[in-house]
Amino acid sequence: MTSLSLKDVSKSYGAVEVLRNIDLDIQQGELIVFVGPSGCGKSTLLRMIAGLEKITGGTLEIDGMVVNDVPPAQRGIAMVFQSYALYPHMTVYDNMAFALKLAGQSRDEVDRAVKSAAETLQLDHLLDRLPKALSGGQRQRVAIGRAIVRDPKVFLFDEPLSNLDAALRVATRIEIAQLKESMPESTMVYVTHDQVEAMTLASRIVVLHGGDIEQFGEPLELYERPANTFVAQFIGSPAMNLVDATVVGTGPSTEVKMPDGGHALVPINSVESDLDTSVKLGVRPEDLRLSEDGEYLVAAKVEIVEALGETTVVYCEPRKDHDAFIVKLPGIHRIEKGTELRLTAAPGKLHLFDSNGESFLYR
Amino acid sequence: MARIAGKKSRLTWAVHISVALLVVAWLFPTVGLFVSSFRTADQISGSGWWAALFPAEQNEVYRTGDPDDDRVAVGDMFEVKGNIFEGEPRNISSWGVSSRDVSAFAPGETADMGDGETLTLADDGAYVWRGTDDQISGRGQRIFVTALVPPKFSLENYRTILFSGTGQDNMAKAFFNTLTVTIPATIIPIVVAAFAAYALAWMEFPGRALLIAAIVGLLVVPLQLALIPLLRLHLAIGIGKGYMGVWLAHTAFGMPLAIYLLRNYMVGLPRDIIENAKVDGATDFQIFTRIIVPLSFPALASFAIFQFLWTWNDLLVAKVFLIDATGSTTVMTNQIVELLGTRGGNWEILATAAFVSIAVPLAVFFAMQRYLVRGLLAGSVK
Amino acid sequence: MFTENPALLGLMTIVIGVGACLGYFFFSNVILDKVIFPAKGPNAGRNINRANMIRPWLFLFPALFGLTLYLAYPVFETLRLSLTDRDLGGAFVGFENYRKMMNEDKFWEAVRNNLLWLVVVPAASTAFGLLAAQLTDRIRWGNFAKSLIFMPMAISFVGASVIFKLIYDTRPADQNQIGVLNAVWLKFDGGIGSIFTLQLVPTLLLIGFVGIVGYVLWTFVRDFTAGGRNRSVWLLPLQLVMAIGGLWLIWLSIGSIVDIWVTELPYGQPQTWLTISFWNNFFLMVVLIWIQTGFAMVILSAALRGIPEETVEAAIVDGANPFQIFFKIKVPQIMGTIVVVWTTITLTVLKIFDIVFAMTNGQWETQVLANYMYDKLFRASDWGIGSASAIVIMLLVTPILVWNVYNARKEMR
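## Structural notes on the interface of chain B and chain C
Inference 1: Listed by partner, the interface residues are 107 residues for chain B and 109 residues for chain C.
Inference 2: Between chain B and chain C, roughly 9,700 Å² of surface is buried when both sides are summed, and carbon and sulfur atoms account for 82% of that area.
Inference 3: We note a salt bridge from R55 of chain C to D284 of chain B, for which the minimum N-O separation is 3.4 Å.
Inference 4: Across the chain B-chain C interface, the total number found is six residue pairs in polar contact (both at pLDDT 80 or more).
Inference 5: If one sorts the elements of the side of chain B that touches chain C by residue count, helix α1 (residues 11–36) of chain B sits on top with 17 residues.
Inference 6: Its residues assigned to classes, the side of chain B that touches chain C shows 81 nonpolar, 20 polar and six charged.

Right, dumping it as structure tokens:
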């Protein structure tokens, strides 16, 4: 059942268009993550769903009802803000009860809802405190609790973990995942710029860039079959290497040649007209290995070596046909600066993008 | 800086002394008024107030008992005995019987006043005045005493000013009139301005920026310009001179600063909190009363102090809009100015009246200084 | 009648006034949401949007109404009144009032005195405030000292006038002086001590003052001739005014130095300070300086504390002494705040009324514009000239008004 549906939604401030023709269908029970670099419009999109920003074009439906002009409180949503936005002059209890009281619920109903949410989140003993007496993680939980008591159709999270320190962030991330599991019926929309959060939490990810949806799909689909060079480089760390190449053979498998003599047979379908066009060959740092048989994709000169123990990350000099080339080798390798590495990868791990940056897979 | 690298700055002492001098210089005038308000008229005109804090050589005039009542026949002479201090002993250093030579004698000596008339004064103030029937008659003999008088203060002036005084010397009515002006003129502008400030800070509407600029402009318009047109307006619409007029005037004159201060403060509140309240289902009115007002308390308090001090201390607005020919609605500042005109030399009255009017703002100042400073900073540093 | 009892009347007003305000805001919102644009039915969404477009104006209305009627309208009405004559039934008389006013010596005296106030009070208050801020920030009982220096802020101008009248009080020569100033004055007898404190020290102070003004003027001229940088057009007249003001100050100071040595001082005679023409202006100014220094100190102290400690530490490492640190590192960084303090005090000075009214009422050549206006208005009952002098005050304020609005606009962008 569709819980949240955006049709041709756009947003502009005067002449500046920040979101263009967004189409999204989100099913009930999903946890959707909006991810993208800052300024991509992900927060704006979330705020439009919340009703905090006017929708300039298109329609927004929640549970089958058009809610473009419905005020936030009546959309059946709850939102967790980046800064938690706890009311500093109210106790934890009053913070959680505020919305229910405004909605005119009876004192008993309010009390029951708050108590049960507090129990879920282990906030029972903090109910009488003011926000300033809470730790960062506790404030975060109160903010989530405030959303839970309202029993919304859609939860909206606006970068809820970005104010926490690294260790707490991991713990809270796991808590949110558990929370989602305990509420399988609820739909959640989650905005972040952190791809680890996106990969670990999402049932599906929306990658936004410059006001457009670049790709919408499951986390591993985005990793394994990125739709374009942007997604390819945005998902995964370090980012995917891209090398200029020319198509020399077409068919069920495409044969490409690199300017420096490298060569690869990629098991991706191509057509006659692709012959001799210039393309980009993509390969993730972790998929590269040192060539042992003389066949190689790329030969590159080592610039910096970072030995981390579990892996060795090698940065090679940038060249005309590719940016700094990054290789992530498992285990310990003693590589001198300045040596030339010949690198290769399994054919199934290679990606092909046309001159517009679109993947050959989705043509 | 003094602490850096363990080197004690040679300037530290100079700094301490300079600050002490500054503080004394700034405190000195007020202390003068304060001390004077506890002295009698004679004390004030007899010596500077700074002398009042220490025991002082003072010339006093006493009179012996009235011969008609007190004289006793001793042989063919008559005597009047008694004590000029009446149980309040002083240390007499010298005394005399004539205004031309007030310190002719030492205590215990006997003054020969001619024709056998004598006066003896002991150092505890006991005297014996002896002479013929003719000499010991009429009024009592004057005795000029130079004595070391300990500091003495009384609340008599305050009793006069607050309770027993008549006419201009009584400030009680003016005190209540001032309160009557001040309290509504402080509270009403806060309510009106807070709503406007919220609209200017957190609501979207065309012309907002222009309005804010206009308010910044009105902030400096001298209220002198408003006097004539508004007085005419008040007279024309029947408000005339009175409390209503002065409340309206103070409310409006305080408005630009109120809106400016409160808007600056409110605009700094976190956007997330206000949006969260919207998501929680609060209307603008509820956001204002349940979120903005409690969170803006510091700004509201600082403006309240400003407006209170300004309306309490005001003279011009009261003179123009409030005080009519009967003078029954006079405020303290105005009454003090009138006292300056009519009782210019009566410092015991003036000092006490002034101090009564200063006391309340000073109390407010010391109690709420923190908010006052905060308001000043919000109003000017931006 | 309850109007007989002002306390009761006041209480009623508070209840009614505040109640009416809150009631207005509450019910106007209710009416908007429930009656005019109900958030129900087929047009719910559109109605909500419309209600939200009108709501700001509901919130703003009482404030805007008050501002317009009590501040904006009077500016234009005063301008109109200044061009009419009351005796002629309000007939339009052009600039007749201004012409009459210009022909009055008292007006020019008020203008001269106002300019004097305008230069001395902001400068002295800011200087003392800066000094106090810098000194008190360095000692442990600084906050206590600050609160005592700040205290006069709470005292009314009238109260302060009484306080200082006591200081300036005069008694006949054969009596004990009860005014501090005369008591101190009579200690001087024309000997070495007198020459030192009354002639040498003031001369040195004045020379120092001339030096500072001259230095500022010089950097100013240098800055000006260097040119090259883009400057606002409207800054030019401001700079010109400042330059002329500076030159005038130097001229005045040099004249005063000569006066100090030429004038024979009446030693041993108690002085009625407030009747000594020209100098009595300064005795009045002292009152305002006394009040405003605390204000300057509080704001400048906050600004001084806002200076990044690193810049001071860097200067120490670079070998600067405390004075160099203060004048070359700290003062330049708080220049913006100094300007704000200066203009704020300038505004107060332009409107100064109570002190002059209470202490001299403009006698003995101490008239200022605001008191002149009050005099015309309520003693001479001349609305025309009264309005004309109010307009003069407005004109003097206008540059600051423009500057403030310009800055506010810049800040909001």
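## Examining the pairing of strand β7 (residues 126–131) of chain B
Residue and element names in this part refer to chain B.
Inference 1: Here β7 shows one buried face, formed by Y127, W129 and G131, and one open face, formed by A126, V128 and R130.
Inference 2: Pairing of strand β3 (residues 77–83) with β7, which is carried by six bridges, proceeds in the antiparallel orientation. Looking at the pairing, V80 lines up with W129 of β7.
Inference 3: By the bridge criterion, four bridges tie strand β6 (residues 118–121) to β7 in an arrangement that is antiparallel.

## Comments concerning the packing of helix α13 (residues 335–350) of chain C against helix α16 (residues 383–412) of chain C
Residues and elements named next belong to chain C.
Inference 1: Where α13 contacts α16, the axes come no closer than 10 Å and their chain directions differ by 160°. Looking at the two axes, α13 sits roughly antiparallel to α16. For the crossing formed where α13 meets α16, the hand is left-handed. Residue-level inspection shows V339, T343, T346, L347 and L350 of α13 in contact with α16, the latter providing I393, L396, V397, I400 and W403.
Inference 2: Taken together, the residues of the contact of α13 with α16 sort by class into eight nonpolar, two polar and no charged.

## Some words on the environment of L206 of chain C
All names here are of chain C.
Inference 1: With respect to the element layout, L206 can be found in helix α8 (residues 192–226).
Inference 2: Spatially, the C-alpha atoms of L206 and I257 are 7.0 Å apart, while their sequence positions differ by 51 residues.
Inference 3: Discounting chain neighbours no more than four positions away, the residues touching L206 are S253, S256, I257 and I260.

## Re unusual backbone geometry
With the exception of glycine, most residues fall at negative phi, and the peptide bonds are largely trans.
Residue and element names in this part refer to chain A.
Inference 1: Between S237 and the following residue, P238, the backbone shows a cis peptide bond with an omega angle of -5°.
Inference 2: Structurally, P238 can be placed in the loop between α8 (229–234) and β11 (241–249).
Inference 3: Residues other than glycine seldom take positive phi values, yet Y84 does so here, at roughly 70°.
Inference 4: Relative to the elements of secondary structure, Y84 occurs in the loop between β6 (77–80) and α2 (92–102).
Inference 5: Overall, the relative accessible area of 6% leaves Y84 in the buried class.
Inference 6: At D151, a position not held by glycine, the phi torsion is positive, near 45°.
Inference 7: Along the chain, D151 falls in the loop between α4 (136–149) and β7 (154–158).

## Details of the packing of aromatic side chains
Inference 1: A complete count under the given rule lists 36 aromatic pairs over all chains for this structure.
Inference 2: The interplanar angle of 20° and the centroid separation of 6.3 Å between the aromatic rings of F155 of chain A and F157 of chain A together place this pair among those described as stacked.
Inference 3: What makes F155 of chain A buried here is its relative accessible area of 3%.
Inference 4: Looking at F157 of chain A, the relative accessible area reads 1%, which means it is buried.
Inference 5: Here Y198 of chain B and F59 of chain C contribute two aromatic rings whose centre-to-centre distance is 5.8 Å and whose plane-to-plane angle is 40°, an arrangement assigned as tilted.

## Here we look at the sheet that holds strand β2 (residues 72–74) of chain B
Residue and element names in this part refer to chain B.
Inference 1: The five strands are arranged β2-β3-β7-β6-β5 in an open sheet whose pairing can be described as antiparallel. Edge positions in the open sheet fall to β2 and β5 (110–112), since each of these has one partner strand only. Each neighbouring strand pair of the sheet contributes to a mean axis angle of 25°, computed without reference to strand direction.
Inference 2: In the sheet, β2 pairs with β3 via three bridges, with the strands oriented antiparallel. Paired with V74 across the bridge in β3 is M77.

## As for the nonpolar core
Inference 1: F34 of chain A, F253, M266 and F321 of chain B together with W117 of chain C are the most contacted members of the largest nonpolar core, which has 249 residues in total.
Inference 2: It is helix α5 (residues 172–202) of chain B that provides the largest number of residues to this core, a total of 17 residues.
Inference 3: Setting aside anything within four residues of it in sequence, one finds F34 of chain A in contact with L24, K42, L45, L46, I49, V189, Y190, V191, T192, V206 and L208 of chain A.
Inference 4: Core analysis: the second largest hydrophobic core is formed by 45 residues, V110, A143, L164 and L222 of chain A among them.

## Thoughts on the domain arrangement of chain C
Residue and element names in this part refer to chain C.
Inference 1: According to the domain assignment, chain C contains domain 1 (2–81) and domain 2 (105–186 + 268–412).
Inference 2: Relative to domain 2, the C-alpha centre of domain 1 lies at a distance of 38 Å.
Inference 3: Interface of domain 1 and domain 2: buried area, both sides summed, is about 370 Å²; carbon and sulfur atoms make up 82% of it.
Inference 4: Per-residue buried area on domain 1 facing domain 2 is highest for V75, T78 and L81; these three make up 84% of the total on that side.
Inference 5: The interface formed by domain 1 and domain 2 includes zero salt bridges.
Inference 6: Residue classes in the side of domain 1 that touches domain 2 are distributed as three nonpolar, one polar and no charged.

## Side note on the domain arrangement of chain A
All names here are of chain A.
Inference 1: Splitting chain A by domain gives domain 1 (2–234) and domain 2 (241–362).
Inference 2: One C-alpha centre belongs to domain 1, the other to domain 2, and the line joining them spans 38 Å.
Inference 3: Taken residue by residue, the interface counts 12 residues in domain 1 and 10 residues in domain 2.
Inference 4: Across the interface of domain 1 and domain 2, roughly 1,000 Å² is buried in total on both sides, 50% from carbon and sulfur atoms.
Inference 5: On the domain 1 side of the contact with domain 2, Y223, R225 and T229 bury the most area, a combined 48% of that side's loss.
Inference 6: At the boundary of domain 1 and domain 2, one finds zero salt bridges.
Inference 7: Counting across the interface, domain 1 meets domain 2 through four residue pairs in polar contact (both at pLDDT 80 or more).
Inference 8: For the side of domain 1 that touches domain 2, the elements supplying multiple residues, two or more each, are α7 (219–224) and α8.
Inference 9: In terms of residue count, α7 provides more of the side of domain 1 that touches domain 2 than any other element does, four residues in total.
Inference 10: Residue composition of the side of domain 1 that touches domain 2, grouped by class: five nonpolar, four polar and three charged.

## Observations concerning the interface of chain B and chain A
Inference 1: Listed per partner, the contact involves 16 residues of chain B and 22 residues of chain A.
Inference 2: For the pair chain B and chain A, the summed buried surface comes to about 1,600 Å²; carbon and sulfur atoms form 63% of the total.
Inference 3: Between the two partners, chain B and chain A, sit two salt bridges.
Inference 4: Connecting chain B to chain A are seven residue pairs in polar contact (both at pLDDT 80 or more).
Inference 5: Every element with two or more residues in the side of chain B that touches chain A is listed here: α9 (271–279) and α10 (284–295) of chain B.
Inference 6: A total of eight residues in the side of chain B that touches chain A trace back to one element, the largest contributor, which is α9 of chain B.
Inference 7: Residues belonging to the side of chain B that touches chain A are distributed by class as follows: seven nonpolar, three polar and six charged.

Calculation notes
Residues numbered from 1 in each chain as written. Chains lettered and ligands numbered in written order. Predicted model: local features only at pLDDT ≥ 70, side-chain atom pairs only at ≥ 80, totals over all residues. Heavy atoms only, no water. Contact = heavy atoms within 4.5 Å. Buried area = accessible area lost by both parts, 1.4 Å probe. Salt bridge = Lys/Arg side-chain N within 4 Å of Asp/Glu carboxyl O. Polar contact = N/O pair within 3.5 Å; in protein donor to acceptor, adjacent residues only side chain to side chain. Helix = DSSP H or I, 4+ residues; strand = E, 2+ residues; numbered from the N terminus. Nonpolar A, V, L, I, M, F, W, Y, C, P; charged D, E, K, R; others polar. Buried < 20%, exposed > 50% of the residue type's maximum accessible area, 1.4 Å probe, protein only. Pairing = 2+ DSSP bridges. Axes fitted to C-alpha atoms, helices over the stretch in contact; angles between N-to-C directions. Parallel < 35°, antiparallel > 145°, perpendicular 65-115°, else oblique. Left-handed = near helix turned anticlockwise from the far one by under 90°. Phe/Tyr/Trp six-rings, centres within 6.5 Å; stacked < 30°, edge-to-face > 60°. Core = buried A, V, L, I, M, F, W, Y, C linked by side-chain atoms within 4.5 Å. Domains from an automatic or database assignment.

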